[in-house]
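Okay, here's what each chain looks like letter by letter:
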Amino acid sequence: MPPVALAARPALATVAPTRLEERAGWPILERVDRRGADPRSGIFSEEFVRLARSALGDAAAVERGPLVCVYNRTGGARLLACRHCGELARCARCGAAAAQPRGEQVLRCPRCDETRPVVCAACGRLRMKTLRAGVSRLREELEALLGADVGEVAGPRGAGVESPIPATPVLIGTEAVLHRVRRAAAVAFLDIDLHLLAPRLSATEDTLALFVRAARLVGARGTGVPWARMQAQTRVPDHPLLQAVALGEPTAVLADEVAIRRVSALPPFAALAVVSGALAPAYAESLRREVEDAPTTDGAAMSVAPLGDERFLLRADTHDPLCDLLARTPRPPGRGLRVEVDPVSL
């Protein structure tokens, strides 16, 4: 049978909106710099109060939907800030929020394991404070501040019967609130740094997804919606992602994220694995001995570092030596060991 000539496939073209179309598709983002805020003012800035009262006092905004306030306070969410100037403790290499492990006098990055002294990078002071709060407590404070009913929404959308969304002019909750309402007068992220500087490898992409969801709720500035506004309270107002969203050009942050991952040896420019559980310390010690005893060509680019709470990070240039190390190292008997290659978060 003679060969059948295949018709040449046409070249695929990339379809992208113009710069003006992309910008018009985003609402306005107001960045509120909280670094020099009076600590007695709490988490609600003057800019937020103005936004809230404007939304509650505008009949068109109230008709459109509630004012949605997002505060993703979970049990493990912690941020350290300088007591003097309010600058966040961040990793100098990858930009994630740095933490102070219990019993240690250093700041350690949970994402790339970089360490540095407990010193503010902005003013040189030595004292840090922990920033924490809870959604329920903030709901009570917000209700008293605005003199209006405030509903609370927390937890992911489940497959069973859901509790109805409170019919209040203001809603506050975790990021789940963005998935439970269809429209909003405005969306305010009370502390976007909890998302932006999280130790997750996908922190930048996840935060961008939150802005996309919020933008869908409030509408685009190019559609004539009078209330197409988002607000983000932050201590890193010059973060590339916040700048990109404010300019209506979120794709610009991609190149910065690739550069950070390359310099910090994060995927896809490195291979990672997290070992956790009650048996993790013993297994991590065995892995460390294997790395030290391995030939230079095999073990020089590998490391085993503690993450705290019986968790350890394995790092290698590529997946082959990492998987070979995990395969040849005997695991301790018993249950209580978890090995996660290419972890979503650290």
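Structure's up top.
Residues numbered from 1 in each chain as written. Predicted model: local features only at pLDDT ≥ 70, side-chain atom pairs only at ≥ 80, totals over all residues. Heavy atoms only, no water.

### Structural notes on the sheet that holds strand E14 (residues 338–341)
Next, step 1: The strand order across the open sheet built from four strands is E12-E13-E11-E14, with neighbouring strands paired in antiparallel fashion. The open sheet is flanked by strand E12 (303–306) and E14, the only strands paired with a single partner. Each strand of the sheet is rotated relative to its neighbour by a mean of 20 degrees, with strand direction disregarded.
Next, step 2: With six bridges connecting them, strand E11 (residues 271–276) and strand E13 (residues 311–316) associate as antiparallel partners. Across the sheet, the residue bridging to Ala273 is Leu314, located in E13.
Next, step 3: Each of E11, E12, E13 and E14 touches helix H10 (residues 280–293); the most contacted strand, E13, lies at about 25 degrees to it. (Pairing = 2+ DSSP bridges. Helix = DSSP H or I, 4+ residues; strand = E, 2+ residues; numbered from the N terminus. Axes fitted to C-alpha atoms, helices over the stretch in contact; angles between N-to-C directions. Contact = heavy atoms within 4.5 Å.)

### A closer look at H10
Next, step 1: The terminal C-alpha atoms of H10 lie 20 Å apart, and with 14 residues this matches the ideal 20 Å at 1.5 Å per residue to within 8%.
Next, step 2: Within H10, burial applies to Ala280, Tyr283, Ala284, Ser286, Leu287 and Val291. Buried residues along H10 cover an arc of 160 degrees about the axis, so they all sit on one side. Relative to its buried face, H10 has exposed residues pointing more than 90 degrees away, namely Glu292 and Asp293. (Expected span 1.5 Å × (residues − 1). Buried < 20%, exposed > 50% of the residue type's maximum accessible area, 1.4 Å probe, protein only. Arc of directions from axis to C-beta.)

### What to know about the packing of aromatic side chains
Two measures describe an aromatic ring pair: the distance that separates the ring centres and the angle between the ring planes.
Next, step 1: Within the structure shown, the criterion is met by two aromatic pairs.
Next, step 2: Ring geometry for Phe44 against Phe48: centres 5.4 Å apart, planes inclined by 25 degrees, an arrangement best described as stacked. Of the two residues, Phe44 and Phe48, both sit in the buried class. (Phe/Tyr/Trp six-rings, centres within 6.5 Å; stacked < 30°, edge-to-face > 60°.)

### Focus: the pattern of salt bridges
Next, step 1: In the structure shown here, the tally under the stated rule is ten salt bridges.
Next, step 2: The partner of Glu87 in a salt bridge is Arg35, with the nearest N and O atoms 3.9 Å apart. Placement of Glu87 in the loop between strand E3 (79–82) and strand E4 (106–108) and of Arg35 in the loop between strand E1 (28–33) and helix H2 (46–56) is noted, with a sequence separation of 52 residues between them.
Next, step 3: Of the residues examined, Arg35 reaches a relative accessible area of 28% and is grouped as partly exposed.
Next, step 4: Among the ionic pairs, Glu143 bridges to Arg139, the shortest N-O distance being 3.3 Å. (Salt bridge = Lys/Arg side-chain N within 4 Å of Asp/Glu carboxyl O.)

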